Structure formats: C-alpha cells, structure tokens
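Structural description and commentary
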Amino acid sequence: MTQIQVDIVSDVMCPWCFVGKRRFEKALDALAPGVSVSVNWRPYQLDPTLPPEGKDRKTYLAEKFGGIERAKELYQNIKDAGKGEDIAFRFDDIAVSPNTLDAHRLIRWSQSAGAGVQDKVVERLFELYFLEGANIGDHSVLIDAAGACGMDPAIVEGLLAGDADRDAVTQEIAVAQNMGVTGVPCFIIDSRYAVMGAQDPATIADAINQVADKQNSAID
C-alpha cells in the first residue's frame, strides 16, 4: 500500500473550495489499486480584512464586485458547477460575509479529535455557510458545529474565547502564500506537488497516482 499525504489549502467561505472538496472525493474513488490518501485541511483566508463580526453580505458584494447584479452574474458559474456536484448553493440566504479565522482554528483543533472528524467539520462548515446561510464566524455556530461532528463543545467554547492557535493559523496561511499559493483550493501532494483550483476528479486522481508511481519507483 502506497500512502500519499494530501494537504488541502482552503477557505470555508470559498465556494470553489466546496466544489473542489466534492471533486476530490470523487478522485479518491479513481485512484490506482494500492494507493491510499491521508488528508489534512490547511487554512487560507480570501479576505482577512473582514472584521471579526463579519460584514453585511450585500455591502460586501457591492464593494467587491461593484454591485449585486454583477456579483450574481459571476456566481452563476459557481452555481452551475455546484449542480454538477450535487451542491445547491443558496447564495441569497447568506446574510453575513464572515471572517473565517475562528473557523480555521476549529478546523485545526478537529485534526486531533479523532479519525474523520476534521473532514466532518469542514463539510459541516461548508453546509452551514453555503446551504443554510449561517454566519460561520459566529462562535455559537462554530460550537454547535463542533458538537455535531463529535468534538466536545465545552472545550471548543473555552478555546474560542481565548487566542489559542490564532497566531499558528495566521502563520500557516503566510507559509502557504510564501509557497506560492495565491488562490484556493490548492491540493498539495506529498508536500512537493500542487494542483491549483477545483480541477476535475480525473486530473486530481492522475496527479496523486503519478506521485505514488514516483514513490514506488524510488523504493524499487
């Protein structure tokens, strides 16, 4: 069995990252026999300038895209991509564009909360934001998500109330940027190879299989 590490650099307010997650999951089903993958979700912030409480969504889109109608035009492409991955984006239900730093702190803690927990947390945060319109910068939302995914909500509540891992997350984002990550999702394979963007499953699977082949060749 060839074990491949994949680090997925992502932001949970990034719709293409949600699409990329679905395509990555399909890619795992297309891997060559004998290839297995372990996954770590890594932080990135599309807009770290957002205040901790977030910003009114309509105001944010108007500032970013020059108007709501222009934003809707751009998001239509994402909606179409989402349909292909069984994601029914509900952008109109989003009231607040969140600062995602605390969400990334939660994702970081979930990595050590048991097998599969981190993936569940990332999935739940995507669902909350893009399907339910929740403010994923709100601590109560994050605490409930943690509990629903098998983490101890009381511990998460205490951690969120302080500055635990705040610097570690921002430093990790800086490292990704220094590595050349300028957009997300980015799939870093075996700490050496990168697949940028929400590529189709075949492209992602092929990249992982090629890395596995190189590992096996090196062993032989």
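In short, a report on the structure. (Residues numbered from 1 in each chain as written. Predicted model: local features only at pLDDT ≥ 70, side-chain atom pairs only at ≥ 80, totals over all residues. Heavy atoms only, no water.)

**Re the environment of Ala-27**
Here is the rule we go by: A run of DSSP states H or I qualifies as a helix once it reaches four residues; a run of E qualifies as a strand once it reaches two. Both are numbered from the N-terminal end. Under the scheme applied here, a residue whose accessible area is under 20% of the maximum for its type counts as buried, over 50% as exposed, and between as partly exposed, the area being computed with a 1.4 Å probe on protein chains only. Contact criterion: two residues are considered in contact whenever any of their non-hydrogen atoms come within 4.5 Å of each other.
On the secondary structure map, Ala-27 appears in helix H1 (residues 15–28). Here Ala-27 falls in the buried class, since its relative accessible area comes to 0%. With 127 residues separating them in the primary sequence, Ala-27 and Ala-154 have C-alpha atoms 36 Å apart. Every residue in contact with Ala-27, bar those within four places of it in the chain, is listed here: Pro-201, Ile-204 and Ala-205.

**Digging into unusual backbone geometry**
Residue Val-184 is joined to Pro-185 through a cis peptide bond whose omega torsion reads 5 degrees. Despite not being glycine, Asp-165 shows a phi value in the positive range, around 65 degrees. Positionally, Asp-165 belongs in the loop between helix H7 (153–161) and helix H8 (166–178). For Asp-165, a relative accessible area of 30% puts it in the partly exposed group. Even without glycine at this site, Asp-190 takes up a positive phi of about 60 degrees. Since its relative accessible area comes to 17%, Asp-190 is described here as buried.

**Observations regarding the sheet that holds strand S1 (residues 2–10)**
Sheet strands pair by backbone hydrogen bonding; their relative direction is either parallel or antiparallel. In plain terms, the rule: Pairing between two strands is assigned when DSSP locates at least 2 bridges connecting them. Simply put, an axis is a line fit to the C-alpha atoms, just over the touching stretch for a helix, and the angle between two N-to-C directions goes from 0 to 180 degrees.
Read from one edge to the other, the open sheet built from four strands follows the order S2-S1-S5-S6, with strand pairing classed as mixed. Lying at the two open borders of the sheet, with one neighbouring strand each, are strand S2 (35–43) and strand S6 (193–196). Neighbour-to-neighbour, the strand axes of this sheet turn through a mean angle of 25 degrees, independent of strand direction. Relative to strand S5 (residues 186–189), S1 is paired through four bridges, and the arrangement is antiparallel. Note that in S5 the partner of Asp-7 across the bridge is Ile-188. Together, S1 and S2 form the strand contacts of helix H5 (residues 117–131), whose direction differs from that of S2 by roughly 55 degrees.

**Things to note about the packing of aromatic side chains**
What counts, and what does not: Planes of paired rings set the category: under 30 degrees apart is stacked, over 60 is edge-to-face and the rest tilted, where pairs are Phe, Tyr or Trp rings (Trp by its six-membered ring) whose centres lie within 6.5 Å.
Here the structure, examined in full by the defined rule, presents 11 aromatic pairs. Taken together, a centroid distance of 4.9 Å and an interplanar angle of 10 degrees make the contact between Phe-18 and Phe-126 stacked. Here Phe-18 is found in helix H1, whereas its partner Phe-126 is found in helix H5, with 108 residues between them in sequence. For the pair formed by Phe-18 and Phe-126, the shared burial category is buried. Put simply, the rings of Phe-18, Phe-65, Tyr-75, Phe-89, Phe-91, Phe-126, Tyr-129 and Phe-130 touch in pairs and so form one group of aromatic residues.

**Things to note about the environment of Glu-25**
Quick reminder of the rule: We call two N or O atoms a polar contact when they sit within 3.5 Å, provided that within protein one can donate a hydrogen and the other can accept it, with sequence-adjacent residues counted only if both atoms are side-chain atoms.
Inspection of the secondary structure assignment puts Glu-25 in helix H1. For Glu-25, a relative accessible area of 27% corresponds to the partly exposed category. Spatially, the C-alpha atom of Glu-25 lies 30 Å from that of Leu-159, the residues being 134 residues apart in sequence. If we ignore the near neighbours within four places in the chain, the residues touching Glu-25 are Asp-119 and Glu-123. Only 2.6 Å separates the side chain of Glu-25 from the side chain of Lys-21, close enough to count as a polar contact.

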